[in-house]
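# Per-entry structural report
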Amino acid sequence: MRLPSPSELMTLVRERIPTKPPKLARAQWIWIGAGAALALLLVWLAWPRAQAVDVAVVDRGPVRTEVVDEGRTRIHDVFVISAPVSGELQRVELEPGDMVEPRQIVATISPADPALLDARVAAEANAGVNAAQAALDAAQAEYRLAQNDLERIAALHARDFASQAALDAADASASAARANVNARRAELVRARAAANSSSSRARRATPIFSPAAGRVLRVLQESETIALAGSPLIEIGDPAQIEIVAEFLSQDAVRMQAGAAAQIENWGGDTPIAARVFRIEPYARTKISALGVEEQRVNVILHLQAPDQALSLGHGFRVDARVVIAEQTDALRVPTDALVRDGRGWAVFVFEGGRARLTPINVGAGGQDYRAVTQGLEPGQRVVLFPGDNLADGARIRTAR
């Protein structure tokens with residue numbers, strides 16, 4: 001069998017290969033277009049975009065270091081009116097909030113009725129009265145006898161029929177008899193008082209006066225009852241002498257000074273009330289926090305600068321006390337919400353050319369809103385507020401508003 005020559009092979013190949021490529025079907029073109037669109041969509045989704053962030057401008061202004069803690073209002077001078085004597089307390093007509101004047105009668109105490117006596121005790125008391133009366137009669141008889149003896153001996157002594165010693169003895173006997181009569185009379189009074197105490201006790205009521213002007217804070221005993229001497233009845237105070245007692249941590253209290261500026265917040269009004277630190281008590285108390293941690297708390301006394309703004313405050317109301325520990329009037333400051341940790345120091349993300357640039361800074365004193373900046377920033381620079389964990393150095397950002 002003869003093999004074809006190269007020229008014949010080339011001719012056979014040209015005859016079998018079509019001169020034009022076959023046309024694609026319409027469905028094939030649709031699938032190719034859909035694949036290309038999907039690829040473009042994936043590329044667009046994977047392309048890095050600018051994050052929307054909030055920014056603030058670094059400026060100069062006041063920077064305060066403040067501490068805030070819970071406090072209670074109290075009236076400086078609270079008077080507790082107590083029962084001066086034991087007796088029957090009449091019903092107190094005053095109500096909390098009523099005004100009282102100095103020396104105004106606020107309550108009345110009457111003598112209490114004596115305890116009821118049973119037949120045996122009453123018989124013993126009456127027998128005691130009878131015995132005391134009999135002893136008095138006997139003493140009076142002895143006194144009359146001694147007086148008669150003294151008169152006879154005195155007459156005999158005047159006529160020199162009796163000695164001076166006999167006269168002195170008769171006089172002493174008369175004096176002793178007279179003293180015995182007085183003693184028996186006192187015993188009779190005591191026995192009658194024991195038998196019927198109502199006959200000897202005073203029925204006059206005892207008024208109770210207000211020691212000062214003010215407002216009734218509490219009525220501790222309103223209903224009629226038997227009150228013992230020293231029992232508290234009413235509390236009064238002057239609302240104009242209101243002050244704030246706040247319990248601060250001891251490590252915060254040592255940084256305060258008397259006269260420091262303060263504010264009273266969350267007291268119920270629309271605006272805070274200006275105050276000043278009046279006194280920092282030198283004694284700390286151990287308190288247990290809500291988490292069960294022992295804390296050393298110190299009472300800090302604050303006086304209101306404008307008491308007229310808080311006329312509605314009373315004794316024992318809850319407030320928040322904000323005390324200024326340190327203050328700079330013109331400091332380069334950055335919002336506290338822009339700070340992030342950078343190792344052991346602090347840093348901020350600076351907005352530069354649509355990128356977030358992590359910039360280490362040195363910060364000084366500050367509070368909840370601003371911190372003073374000593375190095376790393378310039379006035380007018382913009383920093384990112386509330387940077388999240390997904391924000392990295394060099395990331396594309398844009399302002400949200």
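Here is a short report on the structure shown in this document. In this text the structure is predicted, and so the values were computed from the model without any measurement. (Residues numbered from 1 in each chain as written. Predicted model: local features only at pLDDT ≥ 70, side-chain atom pairs only at ≥ 80, totals over all residues. Heavy atoms only, no water.)

### As for the overall build of the chain
Scanning the chain from N- to C-terminus turns up five helices and 21 strands. Across the 401 residues that make up the chain, the buried fraction comes to 28%. Contacts in the chain between residues far apart in sequence, at least 24 positions, make up 75% of those at least 6 positions apart. Taken as a whole, the chain presents about 25700 Å² of accessible surface, with 54% of it coming from carbon and sulfur. (Helix = DSSP H or I, 4+ residues; strand = E, 2+ residues; numbered from the N terminus. Buried < 20%, exposed > 50% of the residue type's maximum accessible area, 1.4 Å probe, protein only. Contact = heavy atoms within 4.5 Å. Areas by Shrake-Rupley, 256 points an atom, 1.4 Å probe, with all protein chains shown as cover.)

### Quick word on the pattern of salt bridges
A complete count under the given rule lists 19 salt bridges for this structure. Residue Arg-333 is joined to Asp-59 by a salt bridge in which the shortest nitrogen-to-oxygen separation is 3.0 Å. Linking Arg-333 in strand 15 (residues 318-335) with Asp-59 in strand 2 (residues 59-75), this pair joins segments that are 274 residues apart in sequence. Across the pair Arg-218 and Glu-235 runs a salt bridge, and its minimum N-O distance is 2.9 Å. Of this pair, Arg-218 sits in strand 8 (residues 214-219) while Glu-235 sits in strand 10 (residues 232-237), and the two are 17 residues apart along the sequence. Through salt bridges with shared partners, a single ionic network connects Arg-64, Glu-66, Glu-265, Arg-322 and Glu-327. (Salt bridge = Lys/Arg side-chain N within 4 Å of Asp/Glu carboxyl O.)

### Here we look at a nonpolar patch on the surface
On the surface, a cluster of nonpolar side chains totalling about 530 Å² of accessible area is made up of Leu-38, Leu-41, Leu-42, Trp-44 and Leu-45. Summarising the element assignment, Leu-45 is placed in helix 2 (residues 26-46). (Patch = residues over 30% accessible without salt bridge, like charges linked within 9 Å, V, L, I, M, F, W, Y side chains within 5 Å.)

### Regarding the packing of aromatic side chains
Enumeration over the complete set of coordinates arrives at zero aromatic pairs. When the ring centre of Trp-346 is taken as reference, the NZ or CZ atom of Arg-341 above it lies at 3.9 Å. (Phe/Tyr/Trp six-rings, centres within 6.5 Å; stacked < 30°, edge-to-face > 60°. Lys NZ or Arg CZ within 6 Å of the ring centre and 35° of its normal.)

### Quick look at the nonpolar core
If you look at the biggest cluster of nonpolar residues, it comprises 23 residues, and the most contacted ones within it are Phe-248, Ile-264, Leu-302, Leu-304 and Val-323. At the level of secondary structure, the elements contributing two or more residues to this core comprise strand 2, strand 11 (242-249), strand 12 (261-265), strand 13 (273-288), strand 14 (294-304) and strand 15. For Leu-304, the contacting residues outside a window of four places in its chain are Ile-242, Ile-244, Ile-264, Ile-273, Ala-274, Ala-275 and Ala-310. Val-92, Ile-109, Val-216 and Leu-233 belong to the second-largest nonpolar core, a separate cluster that totals 15 residues. (Core = buried A, V, L, I, M, F, W, Y, C linked by side-chain atoms within 4.5 Å.)

### Some details on the sheet that holds strand 10
The four strands lie next to each other as 3-10-8-5, forming an open sheet whose pairing is antiparallel. Whereas interior strands pair on both sides, the edge strands pair on one side only; in this sheet they are strand 3 (78-82) and strand 5 (99-100). Bridge count between strand 3 and strand 10: five bridges; the pairing is antiparallel. For Ser-82, the partnering residue across the bridge sits in strand 10 and is Pro-232. (Pairing = 2+ DSSP bridges.)

### Description of helix 4 (residues 164-195)
Here helix 4 contains 32 residues, and its C-alpha end-to-end distance of 47 Å stays within 8% of the 46 Å for a straight helix at 1.5 Å per residue. Of all the residues in helix 4, the buried ones are Leu-167, Ala-170, Ala-174, Ala-177, Val-181, Leu-188 and Ala-191. (Expected span 1.5 Å × (residues − 1).)

### With respect to unusual backbone geometry
Non-glycine residue Asn-266 carries a positive phi angle of around 55°. In this structure, Asn-266 sits in the loop between strand 12 and strand 13. Even without being a glycine, Phe-386 presents a positive backbone phi close to 50°. By secondary structure assignment, the location of Phe-386 is in the loop between strand 20 (382-385) and strand 21 (397-399).

### Let's talk about the side chain of Asp-252
Structurally, Asp-252 is set in helix 5 (residues 250-253). The residues touching Asp-252, leaving out its near neighbours within four places in the chain, are Val-67 and Ile-325.

### Things to note about the sheet that holds strand 4 (residues 87-89)
Here we have four strands laid out as an open sheet, ordered 7-6-4-9, and antiparallel in their pairing. The open sheet terminates on both sides in strands that have one partner only, identified here as strand 7 (206-209) and strand 9 (225-227). Mean inter-strand twist for the sheet, computed between neighbouring axes without regard to direction, equals 40°. In the sheet, strand 4 pairs with strand 9 via three bridges, with the strands oriented antiparallel. The residue of strand 9 that forms the bridge with Glu-88 is Ile-226. (Axes fitted to C-alpha atoms, helices over the stretch in contact; angles between N-to-C directions.)

### Focus on the pairing of strand 2
Pairing of strand 2 with strand 15, which is carried by 13 bridges, proceeds in the antiparallel orientation. Considered in strand 15, the bridge of Thr-65 is made with Ala-326.

### Examining the pairing of strand 17 (residues 345-352)
Looking at chain direction, strand 16 (residues 340-342) and strand 17 are connected through three bridges and run antiparallel. Across the sheet, residue Arg-341 finds its bridge partner in strand 17, namely Trp-346. The turn joining strand 16 and strand 17, which pair antiparallel and follow one another in sequence, is formed by two residues; a positive phi near 70° is taken by Gly-343. Of the pairings in the sheet, the one linking strand 17 to strand 18 (residues 355-366) comprises seven bridges and is antiparallel in character. Its bridge partner lying in strand 18, Trp-346 is registered against Ile-361. Linking strand 17 back to strand 18 in an antiparallel pair, the connection comprises two residues, with Gly-353 at a positive phi of about 60°.

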